[in-house]
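As a plain string of letters, each chain reads:
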Amino acid sequence: DARVTQTPRHKVTEMGQEVTMRCQPILGHNTVFWYRQTMMQGLELLAYFRNRAPLDDSGMPKDRFSAEMPDATLATLKIQPSEPRDSAVYFCASGLVLGTQYFGPGTRLLVL
Amino acid sequence: SQKIEQNSEALNIQEGKTATLTCNYTNYSPAYLQWYRQDPGRGPVFLLLIRENEKEKRKERLKVTFDTTLKQSLFHITASQPADSATYLCALSNNNAGNMLTFGGGTRLMVKP
């Protein structure tokens, strides 16, 4: 049963620290998405990759966030420096073009 | 501006009844619309996809309708069960960007035994 995996599942850090979240998409999927979910804003798209190339990162604060796909089996989302307002659940999802999205379990981030 | 609206208030229904959730949108021309289920502490799970040229889609006890004139989708769960209790999210495609989706805020469904 193929699944999207994310690490870490939980992260507590102090303001100003770097945070790196990792995602392993489902093998064979050629699109990868990063989302942030909060009670106030709901599920927001941060970045979108197709065939490892970034297609859309308009939802991502560029000054502190960065997203990459070093290879087809790994996507990363980094926050540097982190701020308390970054506290949220971060989801990775993968899929095929013109298809559904399969979500990982999420990384719960708390920035103190 | 583009908006996707789902009832933010929880929907409480009795077991066995039909639950109907609404998704309204403005300033979109989606090629398709999807519904996802999200349980607490978990990621959304895909349920159904309906294309712009389809009026209705069914899967077991689930039914989705899509009215592009009204700019509305209805999501029905028949013979509801307590296990159907969850938050349900609708998501619209962006015609210009492959399978990029924009999600509504979700509606929480509570099915009481």
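## Some remarks on the state of the cysteines
According to the stated counting rule, one finds 2 disulfides over all chains in the structure shown. Across a sulfur-sulfur distance of 1.9 Å, C23 of chain A and C92 of chain A are joined as a disulfide pair. What sets the handedness of the C23 of chain A and C92 of chain A disulfide is the S-S torsion sign, and at about -60 degrees it is left-handed. Of this pair, C23 of chain A sits in strand 3 (residues 19–24) while C92 of chain A sits in strand 9 (residues 88–95), placing them 69 residues apart in sequence. Here the two residues C23 of chain A and C92 of chain A agree in accessibility, since each one is buried. Across the disulfide from C23 of chain B sits C90 of chain B; the S-S distance is 2.0 Å. Here the S-S torsion is close to 60 degrees, and the disulfide linking C23 of chain B with C90 of chain B is therefore right-handed.

## Concerning the pattern of salt bridges
Between side chains of opposite charge, a pair can form when the charged atoms approach closely. Counted by the stated rule, this structure contains 9 salt bridges over all chains. Residue R85 of chain A pairs with E83 of chain A through a salt bridge whose shortest N-O separation is 2.5 Å. Between D39 of chain B and R37 of chain B there is a salt bridge, with its nearest N and O atoms 3.1 Å apart. Judged by relative accessible area, which is 24%, D39 of chain B ranks as partly exposed. Because the salt bridges share partners, they merge into one network encompassing R64, E83, R85 and D86 of chain A.

## Some thoughts on the pairing of strand 9 of chain A
Residue and element names in this part refer to chain A. Extensive coverage of strand 9 is indicated by the burial of 8 of its 8 residues. Both faces of strand 9 are covered, namely the face carrying A88, Y90, C92 and S94 and the face carrying V89, F91, A93 and G95. One ladder, built from 7 bridges, connects strand 4 (residues 31–38) with strand 9; its direction is antiparallel. Each bridged residue has a counterpart across the sheet, and for F33 the counterpart in strand 9 is A93. As paired elements, strand 9 and strand 11 (residues 107–111) share 3 bridges and run antiparallel to each other. Paired with A88 across the bridge in strand 11 is L109.

## Focus on the sheet that holds strand 1 (residues 3–6) of chain B
Residue and element names in this part refer to chain B. Taken in spatial order, the 5 strands make up an open sheet running 1-3-8-7-6, and their pairing is antiparallel. The open sheet terminates on both sides in strands that have one partner only, identified here as strand 1 and strand 6 (56–59). Taking each pair of neighbouring strands and ignoring which way they run, the sheet shows an average axis angle of 15 degrees. Judged from the 6 bridges that link them, strand 7 (residues 62–67) and strand 8 (residues 72–77) form a sheet pairing that is antiparallel. Bridge pairing in strand 8 links K63 to H76.

## Notes on the interface of chain A and chain B
Residue-level contacts link 22 residues of chain A with 17 residues of chain B. Carbon and sulfur atoms make up 57% of the area that chain A and chain B hide from each other, which totals about 1,400 Å². Across the chain A-chain B interface, the total number found is 3 residue pairs in polar contact (both at pLDDT 80 or more). The set of elements that each furnish at least two residues to the side of chain A that touches chain B consists of strand 4, strand 5 (42–50), strand 9 and strand 10 (101–103) of chain A. Counted by class, the side of chain A that touches chain B contains 11 nonpolar, 7 polar and 4 charged residues.

Rules used in this analysis
- Residues numbered from 1 in each chain as written.
- Chains lettered and ligands numbered in written order.
- Predicted model: local features only at pLDDT ≥ 70, side-chain atom pairs only at ≥ 80, totals over all residues.
- Heavy atoms only, no water.
- Disulfide = S-S within 2.5 Å.
- Helix = DSSP H or I, 4+ residues; strand = E, 2+ residues; numbered from the N terminus.
- Buried < 20%, exposed > 50% of the residue type's maximum accessible area, 1.4 Å probe, protein only.
- Salt bridge = Lys/Arg side-chain N within 4 Å of Asp/Glu carboxyl O.
- Pairing = 2+ DSSP bridges.
- Axes fitted to C-alpha atoms, helices over the stretch in contact; angles between N-to-C directions.
- Contact = heavy atoms within 4.5 Å.
- Buried area = accessible area lost by both parts, 1.4 Å probe.
- Polar contact = N/O pair within 3.5 Å; in protein donor to acceptor, adjacent residues only side chain to side chain.
- Nonpolar A, V, L, I, M, F, W, Y, C, P; charged D, E, K, R; others polar.

Function-wise, these values are silent; they only describe arrangement.
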